[in-house]
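Below are the chains, spelled out letter by letter.
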Amino acid sequence: MPRTIGDTPQGGSVLGFYAPRGTPRPPRVAKGEGVFLWDTDGRRYLDATAGAVVANIGHGNPRVLAAMQAQAARVTFAYPRFFESEDSVALADRLCAWAGPGLDRAFFVSGGSEANESAIKLARQYAVVTGQGSRFKVISRNPSYHGSTLGALSVTGDANTLGIYAPMMQSHPKIDAPRSYRLPEGHTIESFEAACAQALEDAIVREGPESVLAFIVEPIGGLSTGAVVSSPAYFQRIRQICDRHGVLLIFDEIMSGAGRTGAFLASHHWPGARPDLVTLAKGLAAGYTPFGALLAPNHIVDAVVGAGGFVHGHTYFTNPLSCAIANAVVGEVARLDLVKQAELRGRQLTARLEGIADRSPLVGQVRGLGLLMAIEIVADKSESRQLPVTFNAPARLTEHGLRHGIALYNRRANLGAFGDFQMITPPLTITEPEVDLLADLLERSLADLQVEIEQAGLARY
Ligand SMILES: Cc1ncc(COP(=O)(O)O)c(C=O)c1O
């Protein structure tokens, strides 16, 4: 009997919160090893997106599993304000050393949204204790994604989500994020980037600089923009504008950090635009435990501590078990030289995706950096025409992919208003032959999608 959503009177699949009763349930995962996942029917899937861009060191890493068991046998929980744990300190030392000067302290939480909540609250408390209590607005970009808790969501640029929750939140100013495909009329990539940077200064002036606390940016967009990479000039410009107006620059590196782009932080690609605060999650503990981090400079932390300490925290912050696991994960990132691997395999993947784009009418653009890549799916690339948003091309590609043994995560941002893209973000441990396999499976899935599009009368090839 095929399993469907709502097929039991109570409990059942969590997808019952998303899909109507009667919808087929997804395959049930049985095990993971390296870049592969297997379902309970024994079918194998190449995890081409590392789940939700999480499994950076691949599945089933024996050293991390051993560290997890060893820590669990010692102690799983001890509240970090009473007891420090060896791994939490070692992890902070290591991350701050990798992040470089100006990111001197680490605060550990349970995921990306909590990390961004921590960043905007630390920024606010810093303003309050340094006589800048009028600063509270956090400018962000549209489209963008910073998390689903109400604070992180209030700085997210997604009209659909805000349409539901906006009345419950503080409204913060939004400016355009640079794009590289289907640009506004009359713009080149460069001129649109320049306009987007100017929009930051205009927004600060319009809002009143004394009221603006911070500007939060995904340095390389995730699901919101589909891996758009902006030029060094854009980053330098936003840094200068923030400096001119005393505005803190927060880089949300929840997806782009922890080595995925071929540098430990994506911001390392733009030394002229060092952020004041950085958030990490996803690949940091690579799915071995729910985890996130805020990295902050001494001068901000010292000012807040000097005034009584950070008025913020969670029961599970700096959890000893999670810190031990995350420390073992970053140990594997170092041992296997995965930041370098992300660069090398990223180059191979880019070349393979560009080859697919040359052959497939559906691939309008290949973009990204390292192993944070995406393809833009279009009806016909000669016209850059988007498929009807109701068709939901990424979701259709995911379905074809599962049949071909490739797992392609997607989540629709802004209901597809900024295009249809598919992230291609495998574990950083992916080998050269596995990149080739990924590309082959993706190309077969795209070919099936092309047939479906033709049969639905949405395009002719
Ligand atoms: C850029 C970015 N920021 C924040 C988040 C939120 O992280 P989490 O889902 O762990 O709360 C995500 C998650 O997709 C993300 O991609």
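Anything mentioned here points back to the structure above.
Predicted model only: the values in this text are computed from it and were never measured.

Turning our attention to the site of the ligand. In the vicinity of the ligand, the contacting residues are Gly111, Gly112, Ser113, Asn116, Tyr145, His146, Gly147, Glu218, Asp252, Ile254, Met255 and Lys282. At a separation of 2.7 Å, a nitrogen atom of the ligand approaches a polar side-chain atom of Asp252. Lys282 is positioned with one of its side-chain polar atoms (N or O) 3.0 Å from an oxygen atom of the ligand. Taking 390 Å² as the accessible area of the ligand by itself, protein coverage stands at 81%. At three residues, helix α4 (residues 112-129) tops the list of elements feeding residues into the shell around the ligand.

Burial of nonpolar side chains together is a common tendency in soluble globular proteins. Of all hydrophobic cores here, the largest spans 48 residues; its most connected members are Leu200, Phe215 and Ile238. Ranked by the residues each element gives to this core, the list is headed by helix α7 (residues 189-207), at six residues. When sequence neighbours within four positions are dropped, the list of residues in contact with Phe215 reads Ile139, Ser140, Arg141, Ile175, Leu200, Tyr234, Ile238, Cys242, Val247, Leu248, Leu249 and Ile250.

Before going further, it helps to spend a moment on the state of the cysteines. Taken as a whole, this structure holds zero disulfides when the rule is applied. Free cysteine Cys242: the closest other cysteine sulfur is in Cys196, separated by 14 Å. Here Cys323 stays unpaired: no disulfide links it, and the sulfur of Cys96, its closest cysteine neighbor, is 12 Å away.

All chains considered together, the criterion is met by 20 salt bridges. For Arg352, the salt bridge identified is with Asp436, shortest N-O distance 2.9 Å. You can see Arg352 sitting in helix α11 (residues 338-359) and its partner Asp436 sitting in helix α13 (residues 432-455), a full 84 residues away along the chain. Its relative accessible area of 28% is what places Asp436 among the partly exposed residues. Several salt bridges share partner residues, and in doing so they unite Arg182, Arg367 and Glu376 into one network.

What follows deals with the packing of helix α3 (residues 86-99) against helix α10 (residues 320-335). To describe two helices that pack against each other, one gives the angle between their axes and the distance between the axes. Across the interface, α3 lies against α10 with an axial gap of 8 Å and an inter-helix angle of 40 degrees. It follows from the interaxial angle that α3 and α10 lie oblique. α3 and α10 meet at a crossing whose hand is left-handed. Seen from α3, the contacting residues are Asp87, Ser88, Ala90, Leu91, Arg94, Leu95 and Trp98; seen from α10, they are Cys323, Ala324, Ala326, Asn327, Val330, Gly331, Val333 and Ala334. Tallied by class, residues from the contact of α3 with α10 come to 10 nonpolar, three polar and two charged.

Among the five residues of strand β14 (residues 420-424), five are classified as buried, and the element is accordingly described as predominantly covered. Going residue by residue along β14, you find Asp420, Gln422 and Ile424 tucked away on one face and Phe421 and Met423 tucked away on the opposite face as well. Examined bridge by bridge, strand β12 (residues 372-377) and β14 share five bridges and lie antiparallel to one another. Across the sheet, residue Ala374 finds its bridge partner in β14, namely Met423.

Rules behind the numbers
Residues numbered from 1 in each chain as written. Predicted model: local features only at pLDDT ≥ 70, side-chain atom pairs only at ≥ 80, totals over all residues. Heavy atoms only, no water. Near = heavy atom within 4 Å. Polar contact = N/O pair within 3.5 Å; in protein donor to acceptor, adjacent residues only side chain to side chain. Areas by Shrake-Rupley, 256 points an atom, 1.4 Å probe, with all protein chains shown as cover. Helix = DSSP H or I, 4+ residues; strand = E, 2+ residues; numbered from the N terminus. Core = buried A, V, L, I, M, F, W, Y, C linked by side-chain atoms within 4.5 Å. Buried < 20%, exposed > 50% of the residue type's maximum accessible area, 1.4 Å probe, protein only. Contact = heavy atoms within 4.5 Å. Disulfide = S-S within 2.5 Å. Salt bridge = Lys/Arg side-chain N within 4 Å of Asp/Glu carboxyl O. Axes fitted to C-alpha atoms, helices over the stretch in contact; angles between N-to-C directions. Parallel < 35°, antiparallel > 145°, perpendicular 65-115°, else oblique. Left-handed = near helix turned anticlockwise from the far one by under 90°. Nonpolar A, V, L, I, M, F, W, Y, C, P; charged D, E, K, R; others polar. Pairing = 2+ DSSP bridges.

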